[in-house]
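Observations on chain architecture
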Amino acid sequence: MTTLLDLFKTMEYGPAPESPSAVNAWLEEHGRKFGQFINNEWVTPKAAKYYSSYNPSTGELLAETAQAEKKDVDAAIAAARTAFGTWSETPGVVRARYMYAIARNIQKHHRLLAVLESMDNGKPIRESRDVDVPLLARHFYYYAGWAQLMETELRDYQPVGVIGQIIPWNFPLMMLAWKIAPAIAMGNTVVLKPASYTRLSALLFAEVVAEAGLPPGVVNIITGSGKAGEMIVTHPDVDKIAFTGSTEIGRTLRQLTAGSGKKLSLELGGKSPVVVFEDADLDAAVEGVVDAIWFNQGQVCCAGSRLIVQENVAPRFIQKLKTRMGHLRVGDSLDKSIDMGAIVDKSQWDTIEHWVKMGEKEGGKVFQPDIPLPAKGLFYKPTLITDLDPAASTVQEEIFGPVLVSLTFRTPEEAIALANNTRYGLGGSVWSDNINLALDAASKIKAGAMWVNCHNVFDAAGGFGGYRESGFGREGGREGLFEYIRPKWMERPRPDLVTGDGGRGTGDANAWGEHTPSRPARPEAGRGNGRVGLPPVDRTPKMYVGGKQVRPDGAYTLAVIGAKGKIVGQVGDGNRKDIRNAVEAAHAVIEARQGWAMRHGYNRSQILYFIAENLDARNAEFATRICEMTGCTKKSAQAEVDAAVERLFTYAAWADKYGGNIQETTLRGITVAVNEPVGVIGIACPDEYPLLGFVSLMAPAIARGNTVVMIPSQRFPLSATDFYQVLDTSDVPGGVVNIVTGDRDHLTKTLVQHEDVDAVWYFGSAEGSYWVEYESAANMKRTWVGYGLPRDWMDREQGEGHEFLHEATQVKNIWVPTGE
Ligand code: NDP
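The rules we used
- Residues numbered from 1 in each chain as written.
- Predicted model: local features only at pLDDT ≥ 70, side-chain atom pairs only at ≥ 80, totals over all residues.
- Heavy atoms only, no water.
- Helix = DSSP H or I, 4+ residues; strand = E, 2+ residues; numbered from the N terminus.
- Rg over C-alpha atoms; globule rule 2.2 N^0.38 Å.
- Buried < 20%, exposed > 50% of the residue type's maximum accessible area, 1.4 Å probe, protein only.
- Areas by Shrake-Rupley, 256 points an atom, 1.4 Å probe, with all protein chains shown as cover.
- Lys, Arg positive; Asp, Glu negative; His and termini not counted.
- Charge placed at Lys NZ, Arg CZ, Asp CG, Glu CD.
- Pairing = 2+ DSSP bridges.
- Near = heavy atom within 4 Å.
- Polar contact = N/O pair within 3.5 Å; in protein donor to acceptor, adjacent residues only side chain to side chain.
- Nonpolar A, V, L, I, M, F, W, Y, C, P; charged D, E, K, R; others polar.
- Expected span 1.5 Å × (residues − 1).
- Arc of directions from axis to C-beta.
- Contact = heavy atoms within 4.5 Å.
- Axes fitted to C-alpha atoms, helices over the stretch in contact; angles between N-to-C directions.
- Salt bridge = Lys/Arg side-chain N within 4 Å of Asp/Glu carboxyl O.
- Core = buried A, V, L, I, M, F, W, Y, C linked by side-chain atoms within 4.5 Å.
- pLDDT = per-residue confidence, 0-100.
- Patch = residues over 30% accessible without salt bridge, like charges linked within 9 Å, V, L, I, M, F, W, Y side chains within 5 Å.
- Parallel < 35°, antiparallel > 145°, perpendicular 65-115°, else oblique.
- Phe/Tyr/Trp six-rings, centres within 6.5 Å; stacked < 30°, edge-to-face > 60°.
- Lys NZ or Arg CZ within 6 Å of the ring centre and 35° of its normal.
- Left-handed = near helix turned anticlockwise from the far one by under 90°.

Glancing now at the overall build of the protein chain. The helix and strand inventory of the protein chain stands at 26 helices and 32 strands. The C-alpha radius of gyration of the protein chain comes to 28 Å, within 12% of the 28 Å expected for a compact globule of 820 residues. The dimensions of the protein chain, computed from C-alpha atoms along their principal axes, are 115 × 65 × 45 Å. Buried residues in the protein chain amount to 59% of all 820 residues. Accessible surface, the protein chain as shown: approximately 31,300 Å² in total, 52% of it carbon and sulfur. Charged side chains of the protein chain number 85 positive and 98 negative; the gap between the two group centres comes to 2 Å.

Below you can see the structure in the form of structure tokens.
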């Protein structure tokens, strides 16, 4: 018989199971079989094919869910389109009421939702009850607020339309909230596809929504495989795709949506660092690591899966961590006193096992504590791999399981270099009692969410999203709204793209951007601007790279033919090498110790004012040049120069007024959203308004701390080459603005394929826009393209402002708890 004394000695937990009875009753009510949720009704799938959902803790069959076919997807999208007509016209204050009702309903069904989530996914009930479902409700409350405020705070914007949303299996309800709440708040309607492993909670949520009285068609849930996801993505009547999942599928979706004019946001994978400095509270940091990597069995996109510890405390820290790992309890997801539940599916379990074996093969030392696992079910021990090389694949690749790899460092610089030694950039944490050091590291690590002395803290008011191959776009916070709105003046872009294969491509990637270097112009185009009897002095502008005029690498030139069909000048015909040199120069100045991005806004604004001053001083000369090239009237050329000066003033103003804000999250402390520069941006300018187009794109980029490689208007490049001298006399550091003239598409192709270019803006043809988006998938760089559609650069609404600033920045949220 167990005595009280025995119990005190072992301090064993008894089982504390949560009851599955309410969930089972709900499943039974549905005959454990679900159709599609379209127009607030259950619809039997057309082909009547089903998929089995299992509980990964027990292996029991939970239910069968429909496998969508094209007809199901079409029906859901048609329902969303019809509903969009009224929902987008429904006043924000009314939408807010509906969303408030949904939030209240979530709270009323809190327990049922949490239990189902844990049974379907395998996550501990403690987490679904205390994190996932509260955050689900919180998102609907938060965005109900934005629906209420849209007409006053976002009065220049309109909803995007029908949104296709595809989510993963790790946080089925939370991901659904991140997607649906901001979308419907802004007047959009949605078709959401949950991941196959975890479809059930989305189906229960559908009933919660219907019970709240949301009009039919506003939220539609389609269950199906990746193929059904692809049908949503390629459907012509969808206006935006919001995706969370693997980088691999993210890449596919970037290519599938290329050139279509659909908006796209991607939340992809990560390999987030946890940096522990020597002066950190090591015990707190150990708990932080537990939250970072063993929360949700490590199946978290921003899991702190790379531990980076200062060398002198590393042995002590690792020992403490191993001891703590020995106390983690792994078990049935409905047991209230476990720390880790089950892995979602056998295939994911196998993937984890594969990576752990790989870690061993790569020379790592694998540690797994001696703790019991339940006899059946998909359980995996918390795992730590030490002694790995920073370049090992286990250190570089996302494992998506309870596996932590650890590295050491000596200096803060080394810590930051190691933290940034990844193709991802989703999250990270820094642990130190020195606030200066911690904030410095948090600002230098390239990731969308940085936590100081905490990890995996989320709230609806703080945006979340990646840098680099972790994707683009933000969810949460005010910044998350921009994924679901477009400026009122802008219609949904419908590019005039001739596609031979159903919107999947426009031909041969190799053929796009092909360019044969130039030959002399035809004799009839003879030089047009010499004075009678005296040939003009030849002046062939060179490239502008690193603040210097340099000869084009290929030594070819292009004739610029003016409005009267005569040569009005020559420019260098740039090639790949010129672009590569320009990118290098742009990097050198952004990364320098006191580089462009590190300068304060005041300094950048002074430089922009100086550029404006110098341009204005030469405005007659610039106007003449525009007339000569384009044949426009003197008056309109003058107006263009004046507008360019004005635009420089606008961004001089914005240079120190767009830094970010304090987010009002639920964290006790401070959450700061910082609008960081994107990095090196390649910009292909339009042919319309050769000077104003150039300035309108260059100025916001450099105002916000980016450096740029500009490809001026291909037809009328001379305004840009005249601009060298304005830059030279305006204190612009060499390398901030680089200008490479030549064939727009040829040069853009090199930019978009360049691994070290962070974003490409392209204002050329519809076909070029297609290829820019398509090719950008290689390293998931951000793109902003014009789809060959007109934009009135003279109009302030279209030619400047928030849209430009938004493209020139990426939001990083830094979470800093306060108090002892
Ligand atoms: P996937 O990217 O494969 O799936 C995510 C979602 O996309 C699911 O709904 C999936 O449907 C759907 N999908 C799959 N293929 C397509 C397609 N061709 N077109 C449109 N939609 C598609 O991620 P998994 O869930 O399978 O996980 C694999 C890896 O992804 C993990 O190991 C992890 O590295 C990463 N991951 C990252 C997450 C993050 O939050 N950043 C979240 C989850 C996973 P279906 O489920 O039916 O296949």
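Side chains of strand 31 (residues 782-785) alternate between two faces, with Arg782 and Trp784 and Thr783 and Val785 buried alike. With four bridges joining them, strand 30 (residues 759-762) and strand 31 adopt parallel strand pairing. Within strand 31, the residue paired with Trp761 across the bridge is Trp784.

Neighbouring residues of the ligand: 27 residues in total, closest Trp169, Ser196, Ser246, Leu268 and Glu398. Within the backbone of Gly224, one N or O atom sits 3.3 Å away from an oxygen atom of the ligand. Leu268 has a polar backbone atom sitting 2.6 Å from a nitrogen atom of the ligand. Burial of the ligand by the protein chains amounts to 85% of its free accessible area of 850 Å². Looking at the shell around the ligand element by element, the count peaks at three residues for helix 9 (residues 226-234). Class assignment for the residues of the shell around the ligand results in twelve nonpolar, eleven polar and four charged.

Compared with the 22 Å implied by 1.5 Å per residue over 16 residues, the 22 Å span of helix 13 (residues 346-361) between its first and last C-alpha is a close match. Along helix 13, the residues classified as buried are Gln348, Ile352, Trp355, Val356 and Gly359. Axial view of helix 13: buried residues confined to an arc of 100 degrees, hence all on one face. Tucked inside the fold, the buried residues of helix 13 contact strand 14 (365-367), strand 15 (383-386), helix 14 (393-396) and strand 16 (403-409).

Sheet architecture is open: ten strands sit in the order 14-15-16-13-12-17-18-32-26-25, paired in mixed fashion. Of all strands in the sheet, those bounded by a partner on one side alone are strand 14 and strand 25 (660-663). Taking each pair of neighbouring strands and ignoring which way they run, the sheet shows an average axis angle of 20 degrees. Here five bridges tie strand 13 (residues 304-310) to strand 16, and the two strands are oriented parallel to one another. Bridging across to strand 16, Arg306 finds its partner in Val405.

The next subject is the pattern of salt bridges. Under the criterion given, the structure shown has 36 salt bridges. Residues Arg129 and Asp130 are paired through a salt bridge, measuring 2.8 Å at the closest nitrogen-oxygen approach. One salt bridge connects Asp239 with Arg492, and the closest N-O pair in it is separated by 2.8 Å. A residue pair is termed long-range when its members are at least 10 positions apart, and Asp239 in the loop between helix 9 and strand 10 (240-244) and Arg492 in the loop between strand 20 (485-487) and strand 21 (543-545) qualify at 253 residues.

Our next topic: the nonpolar core. Formed by 118 residues in total, the largest nonpolar core has its most connected members in Ile106, Phe140, Ile184, Phe205, Val276, Trp294 and Leu307. Take this core: its biggest share by element is twelve residues, from helix 6 (residues 125-153). Apart from residues no more than four positions distant in its own chain, Phe140 is found in contact with Met99, Ile102, Ala103, Ile106, Ala177, Ile180, Ala181, Ile184 and Phe205. Grouped together as the second largest cluster of nonpolar side chains are 55 residues, Val589, Ile626, Phe723 and Ala808 included.

Further remarks concern unusual backbone geometry. For Asn40, which is not a glycine, the phi torsion comes out positive at approximately 65 degrees. Considering the arrangement of structural elements, one finds Asn40 in the loop between strand 2 (36-38) and strand 3 (41-43). Notably, Asn296 is not glycine yet its phi reads approximately 55 degrees, a positive angle. Among the structural elements, Asn296 can be located in the loop between helix 11 (282-293) and strand 13.

This paragraph deals with the environment of Phe8. Note that Phe8 resides in helix 1 (residues 4-10). Put simply, Phe8 and Gly145 are 137 residues apart on the chain and 50 Å apart in space, counted from C-alpha to C-alpha.

For the protein chain, per-residue confidence averages 95 on the pLDDT scale, and 97% of positions sit at 70 or higher. Note that residues 500-504 has pLDDT below 50 and, in this model, six contacts with residues that lie over four places away or in other chains.

Before going further, it helps to spend a moment on a negative patch on the surface. There is a patch of like negative charges on the surface, built from Glu278, Asp279, Asp281, Asp433 and Glu820. Mapped onto the secondary structure, Glu278 falls in the loop between strand 12 (272-276) and helix 11. Residue Glu278 is classed as partly exposed on the basis of its relative accessible area, which comes to 43%.

Another point: the packing of helix 2 (residues 21-29) against helix 5 (residues 110-121). Running from N to C, helix 2 and helix 5 cross one another at 85 degrees; their axes reach a closest spacing of 9 Å. By the criterion of interaxial angle, the relationship of helix 2 to helix 5 is roughly perpendicular. Counting all contacts with helix 2, which are made through Ala22, Val23, Asn24 and Trp26, the residues of helix 5 involved are Leu112, Val115, Leu116 and Met119. A breakdown of the residues in the contact of helix 2 with helix 5 according to their chemical character gives seven nonpolar, one polar and no charged.

Its location among the elements puts Lys49 in the loop between strand 3 and strand 4 (50-54). For Lys49, a relative accessible area of 47% puts it in the partly exposed group. In this structure the C-alpha to C-alpha distance between Lys49 and Ala242, which are 193 residues apart in sequence, comes to 26 Å. Excluding residues within four positions of it along the chain, Lys49 makes contact with Thr65, Ala66, Gln67 and Glu69.

Attention now goes to the packing of aromatic side chains. Applying the stated rule across the entire model yields 30 aromatic pairs. An angle of 25 degrees between the planes, with centres 5.8 Å apart, marks the rings of Tyr770 and Tyr774 as stacked. Taken as a pair, Tyr770 and Tyr774 lie in helix 24 (residues 766-776) at a separation of four residues, close to a single helical turn. The class of Tyr774 is partly exposed, set by a relative accessible area of 25%. Taken together, Trp761, Phe763, Trp784, Trp793 and Phe804 form an aromatic cluster joined through their ring pairs. In this structure, Arg791 packs its charged tip against the face of Trp793, placed 5.7 Å from the ring centre.

Turning our eyes to something else, we now look at the packing of helix 18 (residues 601-617) against helix 22 (residues 718-728). As a packed pair, helix 18 and helix 22 sit with axes 9 Å apart at the nearest point and diverge in direction by 125 degrees. Relative to helix 22, the element helix 18 lies oblique. The handedness of the crossing between helix 18 and helix 22 is right-handed. In this structure, helix 18 contributes Ile611, Asn614 and Leu615 to the contact, and helix 22 contributes Phe723, Val726 and Leu727. A per-class count over the contact of helix 18 with helix 22 returns five nonpolar, one polar and no charged.

Take Ser57: it is sitting in the loop between strand 4 and strand 5 (61-66). Aside from chain neighbours lying at most four places away, what touches Ser57 is Gly122, Asp332, Ser333, Ala342, Lys376, Gly377 and Phe379.

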